[in-house]
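If you want the building blocks of each chain, they are given just below.
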Amino acid sequence: MPPIVQGLIKLALVAVVIFAAFKYHIGAGIGVLVLLLAFWIYKSRSAIYAQQGNVAYMKGDMKTALAKLEKAYQTKPFHPQHIAGYGFLLAKAGETEQAEQVLNEVLSGQLSNEIRLQAQVNLATVYWLQGKRDEAHNLLATVYENYKNTTVYGNLGYFKLLRGELDDALRFNREAYEYNDGDVTILDNLAQTYYLLGRFEEAAEMYAKAVDKSPKHAESYYYYALTLQELGRLEEAAEQIGYAKHKELALITTVTKEQIENLAQQLEQEVEPESESGAEPDRDDDR
């Protein structure tokens, strides 16, 4: 029997019980409502903990977020979509072994395509952080063979880029761009591929589109600054590296804060002489 039908039958039974209780006596009806509410809260504990964890994470309180999601995970039955997110937060906190365990447990159950995909993407991220790069790439490559969407294109395209196989990365990231030319991750992947291939004009074009969507991570602005530096557009490069300095790095990255600071200092030194050489001499307006 489909889950939606089972849900409707349960809802109908609850409505009948409430109606019968109120018909018998108003006190009995209120009592039934209170009991049903208490039962619903009890059964929803996992979802409530997960919601509290998500709120804490949005506020930047990682410790509370992990604690609440741990409770959601320990409270059975848990909701797979919440625990898939818990696995990602564990990976972000450096707890990759526990993250792998949690995500594999989620993937062992009956899942919708959307939740399974998210859990697989998160597990691939865990593998990469553990240094199991072939496993990470191959997991998403298998997903890609059966299911294509923006998330798969973005994550697998980035893995191909980081593996250094630039011809394959270019082919794949061009395909991703044709699939969705408005996604910031896909734009960034293609732009970085062009940069690494030394195709700076094409990289600049893609980065201009990417930063127009206000990426949340520093890497986009850092590589855009490098691209503009290669093209001699130093003032624009200095502007972009300024943005990079105030953004956080992605979970998986080859860029460091030190590299960003070094490039910022280098561009500052390069821009100042250019500005001075372009300054007009003082003139006596009375002559």
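Residues numbered from 1 in each chain as written. Predicted model: local features only at pLDDT ≥ 70, side-chain atom pairs only at ≥ 80, totals over all residues. Heavy atoms only, no water.

Enquirer: When you look at the overall build of the protein chain in this model, what are you seeing that I'm missing?
Expert: A tally of helices and strands in the protein chain yields 15 helices and 0 strands. Across the 287 residues of the protein chain, 38% fall into the buried class. Looking at the protein chain alone, contacts between residues at least 24 apart form 49% of all its contacts between residues at least 6 apart. Put simply, the protein chain shows about 16700 Å² of open surface, and 53% of that area lies on carbon and sulfur atoms. (Helix = DSSP H or I, 4+ residues; strand = E, 2+ residues; numbered from the N terminus. Buried < 20%, exposed > 50% of the residue type's maximum accessible area, 1.4 Å probe, protein only. Contact = heavy atoms within 4.5 Å. Areas by Shrake-Rupley, 256 points an atom, 1.4 Å probe, with all protein chains shown as cover.)

Enquirer: Please explain the environment of Ser112 as it appears in this structure.
Expert: Relative to the helices and strands, Ser112 resides in the loop between helix 6 (96-107) and helix 7 (113-129). When the C-alpha positions of Ser112 and Gln81 are compared, they lie 9.5 Å apart, and in sequence the two are 31 residues distant.

Enquirer: Would you explain the nonpolar core in this entry?
Expert: For soluble globular proteins, the rule of thumb is that nonpolar side chains tend to be buried together. Core analysis: the biggest nonpolar cluster contains 77 residues, and Ile83, Tyr86, Tyr222 and Ile241 have the highest contact counts within it. For this core, the leading source of residues is helix 7, giving 9 residues. Ile83 has contacts with Ala72, Tyr73, Phe78, Val102, Leu103 and Val106, leaving out every residue within four places of it along the chain. (Core = buried A, V, L, I, M, F, W, Y, C linked by side-chain atoms within 4.5 Å.)

Enquirer: Any chance you could explain the pattern of salt bridges here in plain terms?
Expert: Should the charged atoms of two oppositely charged side chains come close, the side chains can pair. According to the stated counting rule, one finds 8 salt bridges in the structure shown. As a salt-bridge pair, Arg163 and Asp134 come within 3.0 Å of each other at their nearest N and O atoms. With a gap of 29 residues between them, Arg163 in the loop between helix 9 (150-162) and helix 10 (166-179) and Asp134 in helix 8 (residues 133-146) connect regions that are remote in the sequence. When its relative accessible area of 27% is taken as the criterion, Arg163 is described as partly exposed. The class of Asp134 is partly exposed, set by a relative accessible area of 47%. The structure contains a network of salt bridges with shared partners spanning Lys160, Asp168, Arg171 and Glu175. (Salt bridge = Lys/Arg side-chain N within 4 Å of Asp/Glu carboxyl O.)

Enquirer: Please explain helix 12 (residues 200-211) as it appears in this structure.
Expert: Helical geometry note: an α-helix holds 3.6 residues per turn, so side chains three or four residues apart project in the same direction. Over its 12 residues, helix 12 runs 16 Å from end to end, which matches the ideal 16 Å to within 8%, given 1.5 Å per residue. Every buried residue belonging to helix 12 is among Ala203, Ala204, Met206, Tyr207, Ala210 and Val211, and all of these are buried. On its buried face, helix 12 sits against helix 10, helix 11 (184-196), helix 13 (218-230) and helix 14 (234-244). (Expected span 1.5 Å × (residues − 1).)

Enquirer: Which parts of the structure should I look at to understand the side chain of Ser220?
Expert: Within the secondary structure, Ser220 sits in helix 13. The residues contacting Ser220, other than those within four sequence positions of it, are Asp188, Tyr207 and Pro215.

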